[in-house]
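Working through the structure, step by step
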Amino acid sequence: MEFYPSIERAEIQEIKKFQEQKLQELLVYLENNSPFYQRLFKENNIRIADIRTLEDLQKIPATTKNDIQQHNNDFFCVTPDKIVDYSTTSGTLGDPVTFGLSDNDLERLAYNEAISFACAGIQKGDVVQMITTIDKRFMAGLAYFLGLRKMGASVVRMGPGIPELQWDSIFRYKPKYLITVPSFLLKMIDYAEKHGIDYKNSSVYGAVCIGESIKNQDFTDNILSQKIKEKWNIKLFSTYASTEMSTAFTECEEQIGGHQHPELIITEILDDEGNLVKEGESGELTITTLSVEAIPLLRFKTGDIVKAHYEPCACGRNTMRLGPVIGRKQQMIKYKGTTLYPPAMNDILNDFNNILCYQIVIRSNEIGLDEIIIKISTDSDSENFVNEVRDHFRAKLRVSPKIEIVEFDVLSKIVFNPNSRKPITFTDLR
């Protein structure tokens, strides 16, 4: 299997022509097999023969998470006996949605992760420790395992949490890479320092970071990444994916954005009116999946606000690269005339070493305006701590949210809910 696909190094026009051929194959497949898209084509008088280029995609209405929630079964293009795995979305933007994968879809998922990990530098024979769940209908954990297996790497399936066991496994099996939520690396470092573990001389070379951003929009390290690297000199690679996409955008060694795999996905960046944004502008990532058998998606709006980068990469790939997620469209906050997204507030809170955990809560006040409450657990004895946090918000974001101090035992149970795949650092009550 080719883990460094030649199409990713092809000329831009060749990549476009390749994707247009794949698009036409997808449209025929949807018209023959998808109840949802059959109805969408009919209701909007769309003749798939008229969709010849990537630009022609604009003639087709976009699909949203709400569509899948309301018509989940109509998105299936295969009969139930062809489904070999059921996964669900994490529910970040609402109720979870069921996704079924056929045997071919699992092969595609494995291929996607294999070429993505290869992009980050992982090779056959490397040992990789997975600090993420593979159960609870979580597609990503399964994808990581299948991809590593396909490329010939050795997998240590540790699952999330328990720093003591993670370190025991690291010194026992000597993994070169970790797959983890990056903030957990700080917990591992803290545990190692408190228990005299010589973590700086471990086998770990790098970590593929999931679920949280580690870069600013100019690809410099954000505060979370800086705090990790100040303590532990390892490489951190961003990766971005979702259940709906069944495709990952992973950084190469140049670390300037996650590379698109043109044989697996078509991308559009749209403004609020559904038009393509100008190059260099941010907008909502909208994707069309290629070679998916059970639930292919056409112009699916992910809800993620991103910026695309098109200049060729020094690694030799000519594919589009995605910058860090700016925020989720539904999580946009209008606060006293300022537009905010949770990642910007995460960066500020991560700047304080004595914040043990936090949660950002958004609600509507009595006159219908957005209100921000920052719940914080801290080990600081300073009477001015709350003012210091508030002043930092004013300096960085020009806003001053309400701040509440909460006991760690109380807040940590909410943030690190065992039923959630990720720390619940943001709650929207609007």
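Residues numbered from 1 in each chain as written. Predicted model: local features only at pLDDT ≥ 70, side-chain atom pairs only at ≥ 80, totals over all residues. Heavy atoms only, no water.

What follows deals with the nonpolar core. Counting residues in each nonpolar core, the largest one holds 41 residues, and the members touching the most others are Phe-41 and Leu-298. Mapped onto this core, the elements with two or more residues apiece are helix 1 (12-33), helix 2 (35-43), strand 10 (265-270), strand 11 (282-289) and strand 12 (300-309). When neighbours within four sequence positions are excluded, Phe-41 is seen to be in contact with Leu-27, Leu-30, Glu-31, Ile-46, Ile-48 and Leu-298. (Core = buried A, V, L, I, M, F, W, Y, C linked by side-chain atoms within 4.5 Å. Buried < 20%, exposed > 50% of the residue type's maximum accessible area, 1.4 Å probe, protein only. Helix = DSSP H or I, 4+ residues; strand = E, 2+ residues; numbered from the N terminus. Contact = heavy atoms within 4.5 Å.)

This part covers the packing of aromatic side chains. Summed over all chains, the structure comprises twelve aromatic pairs. Taken together, a centroid distance of 6.1 Å and an interplanar angle of 35° make the contact between Trp-167 and Phe-171 tilted. Here Phe-171 and Trp-167 lie together in helix 6 (residues 163-173), a separation of four residues that amounts to about one turn. Given the relative accessible area of 1%, Trp-167 is considered buried. For the pair Trp-167 and Trp-232, a centre-to-centre distance of 5.4 Å together with 45° between the ring planes defines the contact as tilted. Note that Trp-167 is positioned in helix 6 and Trp-232 in the loop between helix 8 (223-231) and strand 7 (235-242), a separation of 65 residues in sequence. An identical accessibility class is assigned to Trp-167 and Trp-232; each is buried. Through a chain of ring-to-ring contacts, three or more aromatic side chains come together here, namely Phe-36, Tyr-37, Phe-41 and Phe-75. It is Arg-157 that lies over the ring of Phe-145; its NZ or CZ is 6.0 Å from the centre. Of note, Lys-176 hangs over the ring of Tyr-205, and the distance from its end group to the ring centre comes to 5.4 Å. (Phe/Tyr/Trp six-rings, centres within 6.5 Å; stacked < 30°, edge-to-face > 60°. Lys NZ or Arg CZ within 6 Å of the ring centre and 35° of its normal.)

An ideal rise of 1.5 Å per residue puts 18 Å on 13 residues; helix 10 (residues 385-397) measures up with 18 Å between its terminal C-alpha atoms. Phe-385, Val-389, Arg-390, His-392, Phe-393 and Leu-397 are the residues of helix 10 that are buried. End-on, the buried residues of helix 10 take up no more than an arc of 155°, which puts them together on one face. In this structure, the buried residues of helix 10 make contact with strand 16 (338-340), helix 9 (342-350), strand 17 (355-364), strand 18 (370-378) and strand 19 (402-405). Looking one or two places after helix 10, you find Arg-398, whose phi comes out positive at around 65°. (Expected span 1.5 Å × (residues − 1). Arc of directions from axis to C-beta.)

Taken domain by domain, the protein comprises domain 1 (1-327) and domain 2 (332-428). Placing the centre of domain 1 and that of domain 2 at their C-alpha centroids yields a distance of 28 Å. Counting residues at the interface gives 18 residues for domain 1 and twelve residues for domain 2. Between domain 1 and domain 2, a total of about 1,200 Å² is buried, with carbon and sulfur atoms accounting for 55% of that surface. At the junction of domain 1 with domain 2, the criterion picks out zero salt bridges. On the surface where domain 1 and domain 2 come into contact, there are two residue pairs in polar contact (both at pLDDT 80 or more). Here the side of domain 1 that touches domain 2 gets three residues from one element, more than from any other, and that element is helix 8. Classifying every residue of the side of domain 1 that touches domain 2 by side-chain character gives six nonpolar, seven polar and five charged. (Domains from an automatic or database assignment. Buried area = accessible area lost by both parts, 1.4 Å probe. Salt bridge = Lys/Arg side-chain N within 4 Å of Asp/Glu carboxyl O. Polar contact = N/O pair within 3.5 Å; in protein donor to acceptor, adjacent residues only side chain to side chain. Nonpolar A, V, L, I, M, F, W, Y, C, P; charged D, E, K, R; others polar.)

This paragraph deals with the pattern of salt bridges. This model, assessed by the stated rule, comprises 25 salt bridges. Among the salt bridges present, the one from Glu-193 reaches Lys-231, with a minimum N-O distance of 3.3 Å. Linking Glu-193 in helix 7 (residues 182-194) with Lys-231 in helix 8, this pair joins segments that are 38 residues apart in sequence. On the basis of relative accessible area, Glu-193 is assigned to the partly exposed category, the value being 40%. Across the salt bridge formed by Lys-215 and Glu-251, the nearest N and O atoms sit 2.8 Å from each other. One end of the pair, Lys-215, is in the loop between strand 6 (206-209) and helix 8; the other, Glu-251, is in strand 8 (residues 247-251), and 36 residues separate them in sequence. Judged by its relative accessible area of 6%, Lys-215 is buried. Classification of Glu-251 as buried rests on a relative accessible area of 1%. Among the charged side chains, a network of salt bridges with common partners joins Asp-272, Glu-284, Lys-301 and Lys-329.

It is the contact of helix 7 with helix 8, at a shortest axis distance of 10 Å, that shows an interaxial angle of 30°. The orientation of helix 7 with respect to helix 8, classified from their angle, is roughly parallel. The handedness of the crossing between helix 7 and helix 8 is left-handed. Note on element contacts: helix 8 touches helix 7 through Leu-224, Lys-227, Ile-228 and Lys-231, opposite Pro-182, Ser-183, Leu-185, Leu-186, Ile-189 and Glu-193. (Axes fitted to C-alpha atoms, helices over the stretch in contact; angles between N-to-C directions. Parallel < 35°, antiparallel > 145°, perpendicular 65-115°, else oblique. Left-handed = near helix turned anticlockwise from the far one by under 90°.)

What follows deals with the pairing of strand 2 (residues 98-102). Where burial is concerned, most of strand 2 is hidden: four out of the five residues are buried. Direction of pairing for strand 1 (residues 83-88) relative to strand 2: antiparallel, over a ladder of five bridges. Counterpart to Ser-87 in the pairing with strand 2 is Phe-99. (Pairing = 2+ DSSP bridges.)

Quick look at the packing of helix 9 against helix 10 now. One can describe the packing of helix 9 onto helix 10 by two numbers: an axis separation of 10 Å at closest approach and a directional angle of 135°. Here helix 9 is positioned oblique relative to helix 10, judged by the angle of their axes. Classified by chirality, the crossing of helix 10 by helix 9 is right-handed. For the pair formed by helix 9 and helix 10, the contact residues are Ala-344, Met-345, Ile-348 and Leu-349 on the first element and Val-389, His-392, Phe-393, Lys-396 and Leu-397 on the second. Looking at side-chain class alone, the contact of helix 9 with helix 10 contains seven nonpolar, one polar and one charged residues.

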